[in-house]
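Letter by letter, the chains look like this.
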Amino acid sequence: QVQLVESGGGLVQPGGSLRLSCAASGSIFSIDAMGWYRQAPGKQRELVAVITSGGSTNYEDSVKGRFTISRDNAKNTVYLQMNSLKPEDTAVYYCAARGVMATTYASWGQGTQVTVSS
């Protein structure tokens, strides 16, 4: 079992920045990849960024060049640095973990609200 706790959401003006954190605990040795998802009102949940245990990263097209996913292995924490935020980035952001040999994300955090508005 992996437990995930997100933090760092809030209200920011367009063009501003936020950094989300996701602290993992439990069976962290079983984690192969960590991802950040988001879900806006009335929309499906979408994968925003992924970082694998090997350090590879991937991003959804609309956030490329603005968001950066990173990790601190010593702290068992994954970050999502969000710059040049737009109103359309407003959503609840979730951290998720995918196990070795798994095809889906089985462990989820509680979510943190990000609101981009003037």
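Along each chain, the written sequence defines residue order, and numbers are assigned to residues from 1. For this predicted model, a pLDDT threshold of at least 70 governs which residues receive local features, and a threshold of 80 or more governs which side-chain atom pairs are given and counted, while totals over whole chains, interfaces and linings are taken from all residues. Side-chain measures were taken over the full set of non-hydrogen atoms in the model, leaving aside hydrogen atoms and water.

Undergrad: Help me understand the sheet that holds strand β3 (residues 18–26), please; the structure alone is not making it clear to me.
TA: For sheets, the rule is that strands pair by backbone hydrogen bonds, running either parallel or antiparallel. DSSP bridges decide pairing: two strands pair if at least two such bridges lie between them. Secondary structure elements are defined from DSSP: runs of H or I of at least 4 residues count as helices, runs of E of at least 2 residues count as strands, and each element is numbered from the N terminus. Read from one edge of the open sheet, four strands run β1-β3-β8-β7, paired in antiparallel fashion. Edge positions in the sheet fall to β1 (2–7) and β7 (67–72), since each has one partner strand and no second. Neighbour-to-neighbour, the strand axes of this sheet turn through a mean angle of 20°, independent of strand direction. Strand direction decides the pairing type here: β3 and strand β8 (residues 77–82), joined by six bridges, are antiparallel. The partner of Ser21 across the bridge, within β8, is Tyr79. Axes here mean lines fitted to C-alpha atoms, for a helix over just the part in contact, with angles spanning 0 to 180 degrees between N-to-C directions.

Undergrad: Please clarify how the nonpolar core should be interpreted in this entry.
TA: To form a nonpolar core, buried Ala, Val, Leu, Ile, Met, Phe, Trp, Tyr and Cys residues must be joined to one another through side-chain atoms within 4.5 Å. Each residue is placed in one exposure class: buried if its accessible area under a 1.4 Å probe, protein chains only, is under 20% of its type's maximum, exposed if it is over 50%, and partly exposed if it falls in between. Judged by nonpolar contacts, the single largest core of 28 residues is most densely connected at Met34, Trp36, Leu80, Met82 and Tyr93. Judged by nonpolar contacts, the second largest core, of six residues, contains Ala33, Tyr37, Tyr94 and Tyr105.

Undergrad: Looking at this model, I keep getting lost on the pairing of strand β5 (residues 46–52). Mind explaining?
TA: Every other side chain in a regular strand lies on the same face of the sheet, so the side chains alternate between the two faces. Examined bridge by bridge, strand β4 (residues 31–39) and β5 share six bridges and lie antiparallel to one another. Bridged to Ala33 within β5 is Thr52. Hairpin connection from β4 to β5: six residues lie between these consecutive antiparallel strands, with Gly42 at a positive phi of about 75°. Of the pairings in the sheet, the one linking β5 to strand β6 (residues 57–59) comprises three bridges and is antiparallel in character. Opposite Ile51, over in β6, you have Thr57 as the bridge partner. The hairpin formed by β5 and β6 contains four residues between the paired strands, and Gly55 there has a positive phi angle of roughly 95°.

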